[in-house]
Structures are given as C-alpha cells and as structure tokens.
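Observations on chain architecture
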Amino acid sequence: MISVKNLSKKYGSFTAVNDISFEVEKGEIVGFLGPNGAGKSTTMKILTGYLPPTSGSASIAGFDVFEKSIEARRRLGYLPENTPLYLDMRVNEYLRYRAHLKGVARGKVSEAVGEAIELCSLRDVEKKMIGALSKGYRQRVGLADALVHDPDLLILDEPTIGLDPNQIRSVRELIKNLAQRRTVLISTHILPEVEIMCSRVVVIHKGKIRASDTAENLLKNHRAAGQLRIEAKAGPEAREEFGRMTGVKDVQVEQDGEFTTFTLRLDANADVSEEAFRLAADRKWNVRELVRKRATLEDVFVELTHSDI
Amino acid sequence: MRTLFHLTAREVKSFFYSPIAYVMLVIFLALNGVAFYYAVQTLTKIPADESVVFVTFFSPFFVWPFILIMPLLTMRVFADEFRMGTIESLTTAPVKDWQVVMAKFFGALVFYIVLFIPTYCYFFFYKWFTGIPAAFAAGPYWGSALLLLLAGMFFISMGCLASALNREQINAAAMSLVMTVLFIFLAALPDFFVGKNEEETKWLTHFIGYISFFEHLPTFCRGIIDTRPIVFYLSLTALFLFITHHVFQARKWKS
C-alpha cells in the first residue's frame, strides 16, 4: 500500500528525513514511533503530497506521491498534526464540503457524511460550529474528514495528542474499528497504544529508521531488556555483589525502612533471578520481594532513540 | 469544475460567516451613499455635462473606500489558511493548486460584486423616492459597472498574491494596500512633470494614460467601452493569478 524508497528531506542544511525505506502492506496497522523532531510528521507530509521529497520516492497504491499526486491523494485519508479545521463551519457542513472535494459521487455525499458521523459518534454535535467543539470532538471531526471518502489508507499524525484518558480510549477504539478493512499508518507518542493497536512498529530517530518489526519481536530482540527488583534486609555491600553477576548493567539502591530495594538493570535476555535468589540465601539476606520486570515497549523506545546513539 | 465550484462556494460562505463582512458592506454602502448624495447636490447646483454615475464614482467618498476595501477583501484568503494550518488538509485533498487559487479569486470577486449591488441600486432608488429620473443613461451605468468589475478583478488578483506571500493577514493587507495605492496614484505621476519640457514627458503621459484607472474611469463612465483597458486589466489579472499560483506552489519546489 505504501512504498518508501530512499526517501530524504532536507530543510536548508537540516536533514529531517535521511534516506529511509519501508513498506506497508495492505491491511496492516503500522505504528510510527519516534521522539519529537524525529521526522515522523515530515515523512507523513511527504506521503500525503504536502511536501516534496528532497530525494528518493514514495508511492501509495502504486501511484508516486509527487508525480501522480492527485491519484495518490484520492486513496488516502489524512489527519494532520493538531487537526486543522475551519472553525467557522458546522460539523456536517464541513464534512459535506470535504466529501465533495474528495470526489464522493454527488448522490452519495449525504450517505458518506452520515456514515462518517455515525462512525465517529458525532451525531450530537453535527449542527454545531466546529469552533465551539472541545478538542476531543474536533479530533473526531478530523477523523471523520479523513475517512469520509472511504479511503483504503489512513495516515493519522498523532491522533490522540492533547486528549484526556477517556477521549484517548474512545479515539483508540474508533481507530481499531476503522482498521478492520483499511491500512493505517499512525504516529504517536503513546506506547501502550501501539502495543494494543499496531501489527507492526517502525521506530524513527533523527531521520533514520531504527527498527521495523512487531512489538513482540522488538521486545524479544532488543537490548533494552528487563529489570529485577529485590527487596531485602541487606547492607550496602550487597550492591556490589549484585553488580558482579554477569548480565547486570547497573544497580540502583533505595532504602525503605529496614529493607533495601535493589533495582538491577539487565542485559537482553539475561535472567539472573535464580542466581540473585541463591546469592541472597547464601548471604542470609532476608528477601521480602523478588520481582522480574519484563521490558516494555517504552524501554525499547528509550533504548532505540536515546540521543547518544 | 465541481471541485472548483465547491471550493469557491466555501470561499464565498467564509466571507459571510465573519461579522467584518457585514461591517464592510454597511460602511461601503453608507460612504457610497454620501458620494451619491454629493453627486446629486453638485449637479443640482452647478449643472454639468456629466452623468450622475461619473460624478458619484469620482467622489473621494467613493475612491478612498474603494482603495481601502481591496486589501480587506483579499488579506485572509491564503494567509489565514497558512496560519490555521488548514492549508494542509486543503492541499492533501485531491484538489489541484490552480483550483485553490481560482477559488480564492472567484470567492473574493463574488463578495466584491455583492459589495457593489446596493450602490448600483441607488441610481434607481433616486427615481422612486423623488419621482425625478436621475441624470444617467444606460451607457455610463453599464460602462462603469464593467470597468469596476475589471479593475476589481485586477486588484483582487494583486491582493491574492499579497496574501499568498504572507503568513499574517495584516502583512498581506499592508502589502496589497501599497500595491493598490501605487497603481491608483500612478495617474498623478505626470503632475510632477508640469512645467518641464512637454515633448520630453509626452511618452510618460501617454503611457500613464494607457494604464491609469483614473483615465479609464471617465471613459467608461461616459459609456465608451474602450477595448484597450479591457485587455490591460484581463491580462494583468491573469499574470497576477499566474504568479500567485507559482508562489502557492513554491512549497512543492524541491530543495
């Protein structure tokens, strides 16, 4: 559905996107991850034909986004960052206007708008001015706009930013619904969201792709592995001893009354829980708790996009 | 065609959504009313060989609002889209850039025409209220309408360019005001050469006479449809729209 080949974008001397390539197959939901300024939005702007690439190419459903821009744009629904809308229009009026622009057949406009309104639960506010709506509703109007012409591909740039947890949940549900028969490329900061929704994750940092895999595989293969937390009655010497075990990167210590909490950061696939337990038993440190914490996508994200890489 | 229609419809509506539009309509109408009042007064006191249409449109109560209204008409057309970010949703829909530019132009033009409709009714209202036919013929009436339409197209295309070049409305307004004023007052240029060798400045006077709005106005207000200004305004409108299109497209130039 999306094919990006050696795409680069420079703003003057600043390289926003540096020679990236990736593919998105039909039916996939791909999470586009990266810190602010990593090049996510720039890539999306190129894909939607808003900006030209400096070099390389991208195509949507086989249509080059620059050479055959109109054809490519017909096939995608785009929700730009911050959801720009005409605040002086009413919700249904805006959606009708957009449906016309996007080439929905004249007789089908009402139907298409009705469906989009239904899908995004906008029935209550369809006659309201967009300027009078809350951010959550505006976000949904943006989504309704993106899908009013029933595109095969949805490109959503941070659809949940600035929403409260309830709104995030409802937008997430909505996107999950939409994704059933569409391809979706979604950029976000919210990592649990990606774990829940996306079939694949592309991590981008400083204009380069750092990883492209399923969330599961990323967790399995990545260096940002787990932690082991031990609460025990032990003196400061325990820190050194724990630190000497193979696979332990570092140890953090926190005093909690009689007990001390040791947090061991581990290498990938290292599991020292048994060894640590035996060590504590040998030294007669009374252990109150020993918890193995698996790496989360957040750990992987931090590891991959840590700026010193 | 359908896309262009819907884009234009949205532009026209957006004018009438803002209260400023109504303020503009009222003030413009009131000042034109004053211009018309003085025109009738003048013609009653000093009978002249001019139509009331000509005297009305030559009044400062018409000329100044006419100049000032141009930047107000066009300042927001592109600048607002850029400022609000809606340019992104607009240009990522399957619409062509020239369609956007033409829609902006036609939208402002429609509002411009609406702005003039009440003024053109004045000439008839006079007869209704006084029972005396106002002193004008069909020639000056339609001639002046044609010229105002042509000049309006030209000034609007200039304003569209200013708006496309600026992110802030106020800058766009200032820029198009400067361009409008410069163009309008080109007519005054030969006055600076009064007393100089007339042979030497003849070409300038001739040239200004060809392009000056204040040279065209009397001609058309007498009902003379001169084709030269028509070609002049149409071609300049096309030129400015062409430049606007390219400025608007500049974001797509590969860097």
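Residues numbered from 1 in each chain as written. Chains lettered and ligands numbered in written order. Predicted model: local features only at pLDDT ≥ 70, side-chain atom pairs only at ≥ 80, totals over all residues.

Attention now goes to the interface of chain A and chain B. Listed per partner, the contact involves 24 residues of chain A and 21 residues of chain B. When residues of the side of chain A that touches chain B are traced back to their parent elements, those giving at least two are α2 (69-74) and α3 (91-101) of chain A. Per element, the largest residue contribution to the side of chain A that touches chain B is four residues, and it comes from α3 of chain A. Grouping the constituent residues of the side of chain A that touches chain B by class yields 11 nonpolar, six polar and seven charged. (Contact = placed C-beta atoms within 7 Å. Helix = DSSP H or I, 4+ residues; strand = E, 2+ residues; numbered from the N terminus. Nonpolar A, V, L, I, M, F, W, Y, C, P; charged D, E, K, R; others polar.)

A few words on the packing of α3 of chain A against helix α5 (residues 135-147) of chain A. Residue and element names in this part refer to chain A. Following both chains from N to C, one finds α3 and α5 inclined at 25°, their axes separated by 9 Å at the closest point. In terms of axis orientation, α3 runs roughly parallel to α5. Classified by chirality, the crossing of α5 by α3 is right-handed. For the pair formed by α3 and α5, the contact residues are Val91, Tyr94, Leu95 and Arg98 on the first element and Val141, Ala144 and Asp145 on the second. In terms of residue class, the contact of α3 with α5 is made up of five nonpolar, no polar and two charged. (Axes fitted to C-alpha atoms, helices over the stretch in contact; angles between N-to-C directions. Parallel < 35°, antiparallel > 145°, perpendicular 65-115°, else oblique. Left-handed = near helix turned anticlockwise from the far one by under 90°.)

With that settled, the discussion passes to the pairing of strand β6 (residues 76-79) of chain A. Residues and elements named next belong to chain A. Residues Leu76 and Tyr78 of β6 are buried on one face, and the alternating residues Gly77 and Leu79, pointing to the opposite face, are buried as well. Where β6 lies against strand β7 (residues 153-157), four bridges are found, and the strand directions are parallel. Note on β7: the bridge partner recorded for Leu79 is Leu156. (Buried ≥ 20, exposed ≤ 12 C-beta atoms within 10 Å, placed from the backbone. Pairing = 2+ DSSP bridges.)

Moving on, we get to the sheet that holds strand β9 (residues 200-205) of chain A. The strands making up a sheet associate through hydrogen bonds between their backbones, and the pairing can be parallel or antiparallel. Residues and elements named next belong to chain A. The strand order across the open sheet formed by six strands is β6-β7-β8-β3-β9-β10, and the pairing between neighbours is mixed. Of all strands in the sheet, those with a lone pairing partner are β6 and β10 (208-213), marking the two edges. The mean angle between the axes of side-by-side strands here comes to 15°, regardless of whether they run parallel or antiparallel. Its contacts with the sheet place helix α1 (residues 40-47) against β3 (29-33), β7, β8 (183-188) and β9, and it is angled at close to 145° to β7. Packed on one face of the sheet, helix α11 (residues 297-305) meets β3, β9 and β10 and runs near 30° to β9.

Relative to the helices and strands, Val95 of chain B resides in the loop between α6 (86-91) and α7 (97-130). Once the C-alpha coordinates of Val95 of chain B and Leu4 of chain B are considered, the two residues, 91 residues apart in sequence, prove to be 8.6 Å apart. In this structure, Val95 of chain B is in contact with Leu101 of chain A together with Thr3, Leu7 and Val100 of chain B, ignoring residues within four places of it in sequence.

Let us now look at the domain arrangement of chain A. Many structure descriptions define interface size as the accessible area lost when the parts assemble. With domains assigned, chain A is organised as domain 1 (2-220) and domain 2 (227-293). Here the C-alpha centre of domain 2 of chain A lies 45 Å away from the C-alpha centre of domain 1 of chain A. (Domains from an automatic or database assignment.)

Residue and element names in this part refer to chain B. Regarding helix α11 (residues 213-221), the residues found buried are Phe213, His216, Leu217, Phe220 and Cys221. Projected onto a plane normal to the axis of α11, the buried residues spread over an arc of 120° and lie on a single side. Each element contacted by the buried residues of α11 is listed here: α3 (52-57), α8 (138-165), α9 (169-184) and α12 (227-249). Positive phi appears at Gly223, one or two residues downstream of α11, with a value of about 90°. (Arc of directions from axis to C-beta.)

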